[in-house]
Each structure stands twice: as C-alpha cells, then as structure tokens.
Amino acid sequence: MTARPLDYGSGMTLVFHWGGPRHGEVDELPSEALASSVLVYDGPRWFGVYEHFQPARTQETAGGPAQVWVVRE
C-alpha cells in the first residue's frame with residue numbers, strides 16, 4: 001500500500017501518536033508540518049520528537065483514519 005497524506009478539510013492531516021508524552025492522542029495538523037521525516041514538539045506543555053511509522057500505517061480513530069507517528073527515543 002502506498003503511503004499518502006490523509007487530508008481533512010483544507011490541508012489538515014489526522015495524526016495518531018504512539019509512545020512518548022502524547023501516546024494515544026490524535027491531532028489534526030497542517031500538511032506542511034508533516035513534510036519532514038520527523039515531527040518536533042517544542043513546548044510549552046511538553047517536548048517530543050515523533051517519526052512516521054515505517055512501513056506507513058493508519059489507525060482508526062473517532063475522527064477517522066489517522067497516520068501513525070511513533071516517538072523517537
């Protein structure tokens with residue numbers, strides 16, 4: 001299966017976080033935020049780095065299918 005962004009609305013992508021401080025949380029993020037191979041959160045609530053799960057995988061959520069991003073240790 002070819003990985004493709006799961007866009008919602010105008011350029012938003014649903015992301016499921018696996019591991020780390022955001023484990024299990026789902027967010028809608030702008031597609032531009034996912035252009036890199038890593039997703040960096042730099043506060044103010046917490047810090048963390050996530051990377052796109054390989055091979056690409058989706059997770060069913062209440063908001064629909066979301067890309068899975070895993071914490072980078």
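Here we summarise the structure given alongside this text. None of the values given here were measured: they were computed from a predicted structure.

This part covers the nonpolar core. Of all hydrophobic cores here, the largest spans nine residues; its members are Val-15, Leu-29, Leu-34, Leu-39, Tyr-41, Trp-46, Tyr-50, Trp-69 and Val-71. The set of elements that each furnish at least two residues to this core consists of strand 4 (38-42) and strand 7 (64-71).

Moving on, we get to the packing of aromatic side chains. Within this structure, the stated rule accounts for two aromatic pairs. Look at Phe-16 and Trp-18: their rings are 6.3 Å apart centre to centre, the planes differ by 40 degrees, and that puts the pair in the tilted class. Classification of Trp-18 as partly exposed rests on a relative accessible area of 44%. Relative to Tyr-50, the ring of Tyr-41 has its centre 6.0 Å away and its plane inclined at 85 degrees; by these criteria the two rings are edge-to-face. Judged on exposure class, the residue Tyr-41 and its partner Tyr-50 are both buried. A cation over an aromatic ring shows up here: Arg-22 above the ring of Tyr-41, its NZ or CZ 5.2 Å from the ring centre.

Under the defined criterion, the tally for this structure stands at three salt bridges. We note a salt bridge from Arg-22 to Glu-25, for which the minimum N-O separation is 2.4 Å. In this structure, the salt-bridge partner of Glu-51 is Arg-72, at a minimum N-O distance of 3.8 Å. Placement of Glu-51 in strand 5 (residues 47-52) and of Arg-72 in the segment after strand 7 is noted, with a sequence separation of 21 residues between them.

Conventions adopted
Residues numbered from 1 in each chain as written. Predicted model: local features only at pLDDT ≥ 70, side-chain atom pairs only at ≥ 80, totals over all residues. Heavy atoms only, no water. Core = buried A, V, L, I, M, F, W, Y, C linked by side-chain atoms within 4.5 Å. Buried < 20%, exposed > 50% of the residue type's maximum accessible area, 1.4 Å probe, protein only. Helix = DSSP H or I, 4+ residues; strand = E, 2+ residues; numbered from the N terminus. Phe/Tyr/Trp six-rings, centres within 6.5 Å; stacked < 30°, edge-to-face > 60°. Lys NZ or Arg CZ within 6 Å of the ring centre and 35° of its normal. Salt bridge = Lys/Arg side-chain N within 4 Å of Asp/Glu carboxyl O.

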